[in-house]
Amino acid sequence: MVDPRLDYVRVKTRRRLVFSAIHLLLYFSFALNWSELGKGLGRQLGEGPMTGSMLMFVILVLLFLAIECIFLLFDRDGAK
Amino acid sequence: MSRFRWLVLALLGSGWSLSSFAAGSIEGEIEQQALNPTAIVMFMVFVALTLGITWQAAKSTTSSAAFYNAGGKITGLQNGAAIAGDFMSAASFLGITGLIFVGGFDGLILSLGAFGAWPLLMFLFAKRVRNLGSFTFVDVVSKRLARGPIRIVASIGTIAVVVMYLIAQMVGAGKLIQLLFGLPYTAAVIIVSALVLAYVAFGGMLATTWVQIIKAMLLLGGVTLIAILVLAETGFSFGELLSMATAKHPKGDAILSPGVVFKDPIQIATIQVSMLFGTLGLPHILMRLFTVPDMRQAKLSAFYASVFMGYFYIVLLVLGFGTIALLYGNPDFFDADGKIIGGTNMAAIHIATAVGGDILTGFMSAVSFATILAVVAGLTVSGAAAVSHDLYAQVIKQGEPDPTMELRITRIAVFVIGVVAVLLGIAFENENVAFIAVMPMVTAASVTFPILFLSLFWSGLTTRGAIVGALTGFLSSLTLIIIGPQVWVSVMGNPEPLFPYNYPALFTMPLAFFVIWLVSVSDQSERGQQDRANYHDLLVRSEFGTDE
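Model, not experiment: these values are computed from the prediction.

Q: Looking at this model, I keep getting lost on the overall build of chain B. Mind explaining?
A: When helices and strands are counted, chain B shows 23 helices and zero strands. C-alpha extents for chain B along the principal axes are approximately 70 × 50 × 40 Å. When the 548 residues of chain B are sorted by exposure, 65% land in the buried category. Sequence-distant contacts in chain B: of pairs separated by 6 or more residues, those separated by 24 or more amount to 84%. Surface exposure of chain B reaches about 17,000 Å², of which carbon and sulfur atoms provide 66%.

Q: Would you explain a nonpolar patch on the surface in this entry?
A: Together, Ile412, Phe415, Val416, Val419, Val420 and Leu423 of chain B make up an exposed nonpolar region whose accessible area comes to about 520 Å². You can see leucine 423 of chain B is positioned in helix 17 (residues 403-427).

Q: Would you take a moment to explain the pattern of salt bridges for this structure?
A: Any two side chains of opposite charge can pair, on the condition that their charged atoms come close. Residue and element names in this part refer to chain B. For the structure on display, the rule yields 13 salt bridges over all chains. Measuring nitrogen to oxygen at the nearest pair gives 3.1 Å for the salt bridge that ties glutamate 543 to lysine 127. Taken together, the residues glutamate 543 in helix 23 (residues 535-544) and lysine 127 in helix 8 (residues 117-132) connect sequence positions 416 residues apart. With respect to class, glutamate 543 is no different from lysine 127; both count as buried.

Q: Honestly, the interface of chain A and chain B in this entry has me stumped. Any pointers?
A: Interface extent is often summarised as the accessible area lost during association of the parts. Between chain A and chain B, the contact holds 43 residues from the first and 54 residues from the second. With both sides pooled, the region where chain A packs onto chain B buries about 4,400 Å², and carbon together with sulfur makes up 76% of that total. At the junction of chain A with chain B, the criterion picks out eleven residue pairs in polar contact (both at pLDDT 80 or more). Listing elements by their share of the side of chain A that touches chain B, those giving two or more residues are helix 1 (5-29) and helix 2 (52-74) of chain A. Sort the elements by how many residues they give to the side of chain A that touches chain B and helix 1 of chain A lands first, with 15 residues. Looking at the side of chain A that touches chain B, its residues break down into 26 nonpolar, ten polar and seven charged.

Q: Mind showing me how you'd approach the nonpolar core here?
A: Soluble, globular proteins show a tendency: their nonpolar side chains are buried together. Core analysis: the biggest nonpolar cluster contains 204 residues, and Phe93, Phe125, Val192, Met309 and Phe321 of chain B have the highest contact counts within it. Setting aside residues up to four positions removed in sequence, phenylalanine 125 of chain B forms contacts with Leu120, Arg130, Leu280, Leu286, Leu289, Phe449, Leu452, Phe453 and Leu456 of chain B.

Q: Just checking my understanding: could you explain the side chain of serine 193 of chain B for this structure?
A: Inspection of the secondary structure assignment puts serine 193 of chain B in helix 11 (residues 185-233). What serine 193 of chain B contacts, discounting residues up to four positions off in sequence, is Met170, Gly418 and Val422 of chain B.

Q: Looking at this structure, I do not really get the side chain of histidine 284 of chain B. What am I missing?
A: All names here are of chain B. With respect to the helices and strands, the residue histidine 284 is situated in helix 14 (residues 283-286). Looking at histidine 284, the relative accessible area reads 2%, which means it is buried. Discounting chain neighbours no more than four positions away, the residues touching histidine 284 are Asp86, Tyr165, Gly378, Leu379 and Ser382.

Q: I'm lost on the packing of aromatic side chains in this one. Help?
A: In this description, a pair of aromatic rings is defined by centroid distance and the angle of the planes. The final tally for this structure, using the stated rule, is 30 aromatic pairs over all chains. Measuring from centroid to centroid gives 4.9 Å for phenylalanine 71 of chain A and phenylalanine 123 of chain B, while their planes differ by 55 degrees, and the two rings are tilted. Of this pair, phenylalanine 71 of chain A sits in helix 2 while phenylalanine 123 of chain B sits in helix 8, each in a different chain. The pair phenylalanine 71 of chain A / phenylalanine 123 of chain B is uniform in exposure class, with both members buried. Summarising the aromatic geometry, the rings of phenylalanine 277 of chain B and phenylalanine 449 of chain B are spaced 4.9 Å apart at their centres and angled 45 degrees between planes, so their arrangement reads as tilted.

Q: Explain the packing of helix 1 of chain A against helix 23 of chain B to me, please; I cannot follow it from the model alone.
A: For any two helices packed against each other, one specifies the crossing angle of their axes together with the interaxial distance. Interhelical geometry of helix 1 of chain A versus helix 23 of chain B gives an angle of 70 degrees and a closest axis separation of 10 Å. As summarised for this structure, helix 1 of chain A and helix 23 of chain B are arranged roughly perpendicular, according to the angle between their axes. Packed against helix 1 of chain A, whose contacting residues are Arg5, Leu6, Tyr8, Val9, Arg10, Lys12, Thr13 and Arg16 of chain A, the element helix 23 of chain B presents His536, Leu539, Val540, Glu543 and Phe544 of chain B at the interface. Of the residues belonging to the contact of helix 1 of chain A with helix 23 of chain B, the class tally is six nonpolar, two polar and five charged.

Q: Whenever I open this one, unusual backbone geometry confuses me. Can you help?
A: All names here are of chain B. Here the phi dihedral of alanine 70 falls at roughly 55 degrees; this positive angle occurs in a residue that is not glycine. The topology assignment puts alanine 70 in the loop between helix 4 (64-69) and helix 5 (76-87). Among the residues examined, alanine 70 registers a relative accessible area of 10% and is labelled buried. Despite not being glycine, phenylalanine 236 shows a phi value in the positive range, around 55 degrees.

About the criteria used
Residues numbered from 1 in each chain as written. Chains lettered and ligands numbered in written order. Predicted model: local features only at pLDDT ≥ 70, side-chain atom pairs only at ≥ 80, totals over all residues. Heavy atoms only, no water. Helix = DSSP H or I, 4+ residues; strand = E, 2+ residues; numbered from the N terminus. Buried < 20%, exposed > 50% of the residue type's maximum accessible area, 1.4 Å probe, protein only. Contact = heavy atoms within 4.5 Å. Areas by Shrake-Rupley, 256 points an atom, 1.4 Å probe, with all protein chains shown as cover. Patch = residues over 30% accessible without salt bridge, like charges linked within 9 Å, V, L, I, M, F, W, Y side chains within 5 Å. Salt bridge = Lys/Arg side-chain N within 4 Å of Asp/Glu carboxyl O. Buried area = accessible area lost by both parts, 1.4 Å probe. Polar contact = N/O pair within 3.5 Å; in protein donor to acceptor, adjacent residues only side chain to side chain. Nonpolar A, V, L, I, M, F, W, Y, C, P; charged D, E, K, R; others polar. Core = buried A, V, L, I, M, F, W, Y, C linked by side-chain atoms within 4.5 Å. Phe/Tyr/Trp six-rings, centres within 6.5 Å; stacked < 30°, edge-to-face > 60°. Axes fitted to C-alpha atoms, helices over the stretch in contact; angles between N-to-C directions. Parallel < 35°, antiparallel > 145°, perpendicular 65-115°, else oblique.

Printed below as a string of structure tokens:
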């Protein structure tokens, strides 16, 4: 007999993998800075010295934390 | 320009920052400095405080369980701080700041690499590992696979990672303390080992946790203070700080964009893969998930660790560019040959001197020493648990050990690890240990991570697949490191490496996954059928807890 809790666990597993995939996509996008494709990121933003690459670093760190918060909200129901 | 060229050549030639950062060691050009009494007094205060905590912790560390996981009574916030304290090594602070000092933006790849693992720890492992294990990650993988063989393989993997990490730490500790405190190398190695023995042998995981928490808070407090003082020099304008940095650095505006130190995106990807998946496979980090009382606190641990480390790496951005803006051109920090005094490792300490004088310098030097103690203590607990819990209690005694004997073996293991650490630290004093510093991260990414991930997320995994895949991951990592720049060129003296990258995990980890898959799907043995059948039960328990 199939354990009815398995469906619930599978939903949670899919959620874990989706969040992980989003995270990995963002994480490895940082390597674009060193490629031809991401060359524009190295340019300065407006009049100030800040470049797109530096801004991307800060945004990625903050985005990772935000994604973790969203994951915690989704996972708030626990295992009940 | 000659000063800049010297710095870059020194950095790249020794392979210093990248490899040392991997396992958190410091190596490369080191010059023993004059005795630093302020730093020594501040460090003595730290030692007195942590030994007092150890004395208290020793009263409650009367069983192996208390030794391994502090009785599971650490809160998520405390554990998050301890994880941050365990991972934010002296090389994170000194190494990344030094790399930004030399190459500007390129140093940030190490910051992101070090930070990237923590969200994944929460998504993939925190809850499931906490629910399935008791004291080590080996408990988790042995839940569905053949207990004896997989425990032996995974424990040997743990011990290998811990020993390699320890060598890098001890050599780094000796050199760092020589640099910061003016103490001789051998004395520094013995002091580190003796203090760690005192913390761990008597206070176990509880004392280790508090050492790591205190160190994390001191480090975060120190870098925050330096960042505020640096920004105060520029009217609290980060833009002005960057303008000052580009005006002082020989490479000018180029330091705000990628390409000063690293050119190749594949090289960047090798660093990213090794640091991300290597961190997720580090046994002493995974062990911290068992110190909390429940799965919710395990998830919160990972979250709080992310918050602390995210903050730390963003503040290092200010410190790194602060070193460029305030140190270049200041003769107080360069010798007659135009070299930065003490080498690039010292840039982070020099910036403390530049903005805070001798008191702040002494404080940050003491924090750097405390940092090493916290990391070595975590490694020692993990290594001792692999011997006494995974091998003695679970393999030799088949899960029914005599509790008194197990605790005794744990303490003997701690002592042996301490002695081995001193001997290896002294033996490797004058060796090029860059490749040893790379090994733990690559091994963890290619051996520990694939086994743990597939045991939790793939029903088809079998014991045979896990063992063959683990061996493949280990041997391929070893081979590619030997024929890579760290050993083939730096140690063996060949002109060109046979394999071009320092971090082979980009290639060895997928190979390990492929071999595990191939061997598992072709495994028709009775044990293989049982391993697959065990999966659904493990899956349910991983989400609902072991009390179901």
